[in-house]
Amino acid sequence: EQQEKWVPRAVNMEIIGTYAQTELGHGTFLRGLETTATYDPNTEEFVLNSPTLTAYKWWPGGLAHTANHCVVVAQLHSKGVNHGVHPFIVQIRDEDTHMPLPGVKVGEIGPKLSFSTANNGFLGFDNFRVPRDSMLMKNAQVLKDGTYVKSRLSKLTYGTMVFIRVMIVTDMAYYLSVGATIAIRYSAVRHQSKPKENEPEPQILDYVTQQHKLFIALASSHAFRVTGQWLWTTFVRVNKALTSGNADTLPELHAVACCLKAVTTRDAASMVEACRMSCGGHGYMTSSYLPILYGITTAACTYEGENTVLLLQTARSLVKAWQKGSKGKPLSPTEAYLMDKSPVPKWENTLDGIIAGFRRVSAGKVQDCVSKIDKLVKMGTSYEDAWNQTSVRLVAASEAHSRAVILATFRAEVSRAAAALSPPLARVLHQLVHLYTVYWALERVGDLLLYTSIAERDVQELQQQYEDLLQKIRPNTVGLVDAFDLRDEILNSTLGAYDGRVYERLMEEALKSPLNAEPVNQSFHKYLKPFMQGKL
Ligand SMILES: CCCCCCCCC/C=C/C(=O)SCCNC(=O)CCNC(=O)[C@H](O)C(C)(C)COP(=O)(O)OP(=O)(O)OC[C@H]1O[C@@H](n2cnc3c(N)ncnc32)[C@H](O)[C@@H]1OP(=O)(O)O
Ligand SMILES: Cc1cc2nc3c(=O)[nH]c(=O)nc-3n(C[C@H](O)[C@H](O)[C@H](O)COP(=O)(O)OP(=O)(O)OC[C@H]3O[C@@H](n4cnc5c(N)ncnc54)[C@H](O)[C@@H]3O)c2cc1C
């Protein structure tokens, strides 16, 4: 009945909430969170407390001045036992006056790189009492007398984060579509330099280096949208199994959600920055929207699980899978390729050849990590230290695994959908799949040389394939970003507007600056003039 009590009020915006988990002292290590929720059986209440400064919640979006409730993640104490972190739904402000309730200290954390509208806040409790039913009891419960009833699966507490990580992959597809639309439209309007003296300045979109910077962002948007859809379908299937008490597929979902969230956010942030830089000075204008878009995508590398930590979570799963597979036990579908012990085949410069190559790289890296850890442990190093000393390689193995998943999913989904598409559209989408696959083969050619039978002439041929693809995609580039159908109000960009009037829009925005309200700014009289007269 907790859902009956809270969900309708949240849906009709009677309560405005946020997710208050991260503290000043801990964001990654959840078992180290310091906020306490101590059960008092005499009053059937939990007493929330922030025992230290580092226990203060810090970062939750909307917490500073917007939310009047929040889900607080705290260490649950009952009958003198700490049962670990659990979620509580807590009112923190009066619903009429919006004043913070007595015992609640809340406020704004200050300026950030971007996300300026997120109203991120801090929250401290001073022995703040909440009723027993504030504890969200879907998984674990505390009875009236304080008896703790444990969840059938402790990690279900972490379920919210899996859900958001799954959603973030699709978010990155959207942000890349925005960045690619702005930068490609601008590159079609911008003319610069004179490679041929007797011809007009060309569109910068005709420079192959510009195409190299931008087309991967366009292709990645489609790759992440398709992968995000696959991941969402997987999430729905796992969640359905969970509701019927079957948690067997949760570990695989957690592992694949971690590495896909990490790789797609890192790619999105670096590719949005490439979009910004490909627009020269105007890309550095806030009015282009690209700096803001960069701030949003780079934040995603940190929130909902810092990327390195998540890649190490996937690595933990890959190492366990390797150990399980080596004992002949079955592996999850996404990790089954790790046990492919067939001899390394002759390299093929095809999509299937490259995808198989990335699986070989991932399996090879996982095997190397397992060997290194085993060797260190045999020499007397603790497993934890051996893990840490191998962690750079573990992260690389996780990335290779993630890339193999994205490549295979992108190719399979486009091939499946192509049958229902017009031949010209199918051809263009296949070109994007081809570009994406060859781009990453060239980016990770070192790994392919280490773990597959790719030879120098194959690499030369891949480079030529890549350059041919840039040429083939060029005529459809503007049409491909127009197909994202992003309205000017959404793009919010002087460089990306549909009508291409970039210079007029840049000047219109500049003239809106309050500094242009008067020809001589007061700073001249207050500072410059006295300085020039030697009076400062
Ligand atoms: C729409 C878009 C909006 C986009 C708009 C969003 C705006 C920004 C909003 C941002 C909000 C936030 O950032 S909210 C705060 C986000 N914070 C985080 O994500 C915290 C990240 N930290 C963690 O998740 C944890 O501390 C973690 C790193 C996993 C370590 O936890 P533990 O130490 O307890 O666990 P470990 O010892 O590593 O592992 C123990 C076992 O638990 C499993 N395990 C760990 N986490 C699991 C999980 N989530 N689900 C299942 N299983 C899990 C592991 O696989 C292990 O399994 P075995 O191997 O079988 O033992
Ligand atoms: C824009 C934004 C919005 C946010 N919104 C929310 C929100 O709404 N609610 C909320 O609860 N939180 C929110 N957060 C907080 C976010 O979840 C945390 O910042 C994130 O989980 C990382 O934790 P941390 O900041 O403590 O970094 P740390 O974990 O301290 O990471 C710092 C460094 O330590 C490294 N590190 C940490 N642990 C390990 C390890 N085991 N192995 C190897 N390296 C390690 C990391 O890789 C990283 O390089 C938000 C953050 C941002 C930036």
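Relevant structure appears above.
Predicted model, so just to flag it, every value in this text is computed and none were measured.

(A) Representation of the site of ligand 1 within the structure. Around ligand 1, the structure places 23 residues, and the nearest of them are Thr28, Lys155, Arg165, Glu304 and Arg316. Histidine 254 places a polar side-chain atom, nitrogen or oxygen, 3.4 Å from a nitrogen atom of ligand 1. At a separation of 2.8 Å, an oxygen atom of ligand 1 approaches a polar side-chain atom of glutamine 313. Notes on ligand 1: free accessible area 1300 Å², of which the protein chains cover 76%. Broken down by secondary-structure element, the contributors of at least two residues to the shell around ligand 1 are helix H2 (159-189), helix H4 (250-277) and helix H6 (307-326). No other element matches H2, which puts 5 residues into the shell around ligand 1. Each residue belonging to the shell around ligand 1 can be placed in one class, and the counts come to 9 nonpolar, 7 polar and 7 charged.

(B) Just helix H5 (residues 290-299), in detail. Along H5, the positions that sit buried rather than exposed are Leu290, Leu293, Gly295, Ile296 and Thr297. Structurally, H5 contributes buried residues whose contacts are with H2 and H4.

(C) View of the packing of aromatic side chains. Scanning the entire structure with this criterion turns up 14 aromatic pairs. Ring centres of phenylalanine 163 and tryptophan 232 lie 6.1 Å apart, and the angle between their planes is 65°; on these two criteria the pair is classed as edge-to-face. Taken together, the residues span a long stretch of sequence, with phenylalanine 163 in helix H2 and tryptophan 232 in helix H3 (residues 208-243) at a distance of 69 residues. Residue classification places phenylalanine 163 among the partly exposed positions, given a relative accessible area of 30%. Judged by its relative accessible area of 36%, tryptophan 232 falls in the partly exposed class. With 6.2 Å between their ring centres and 50° between their planes, tyrosine 439 and tyrosine 466 make a pair best called tilted. Taken together, the residues tyrosine 439 in helix H9 (residues 423-443) and tyrosine 466 in helix H11 (residues 456-473) connect sequence positions 27 residues apart. Exposure remark for tyrosine 439: the relative accessible area of 13% places this residue in the buried category. Every member of this aromatic cluster is reached through a ring pair, and the members are Tyr39, Phe46 and Phe88.

(D) Layout of unusual backbone geometry. Even without being a glycine, asparagine 119 presents a positive backbone phi close to 50°. You can see asparagine 119 is positioned in the loop between strand E7 (104-108) and strand E8 (121-125). Using a relative accessible area of 15% as the deciding quantity, one classes asparagine 119 as buried. At glutamate 304, a position not held by glycine, the phi torsion is positive, near 60°. The topology assignment puts glutamate 304 in the loop between H5 and H6.

What counts, and where the lines are drawn
- Residues numbered from 1 in each chain as written.
- Chains lettered and ligands numbered in written order.
- Predicted model: local features only at pLDDT ≥ 70, side-chain atom pairs only at ≥ 80, totals over all residues.
- Heavy atoms only, no water.
- Near = heavy atom within 4 Å.
- Polar contact = N/O pair within 3.5 Å; in protein donor to acceptor, adjacent residues only side chain to side chain.
- Areas by Shrake-Rupley, 256 points an atom, 1.4 Å probe, with all protein chains shown as cover.
- Helix = DSSP H or I, 4+ residues; strand = E, 2+ residues; numbered from the N terminus.
- Nonpolar A, V, L, I, M, F, W, Y, C, P; charged D, E, K, R; others polar.
- Buried < 20%, exposed > 50% of the residue type's maximum accessible area, 1.4 Å probe, protein only.
- Contact = heavy atoms within 4.5 Å.
- Phe/Tyr/Trp six-rings, centres within 6.5 Å; stacked < 30°, edge-to-face > 60°.

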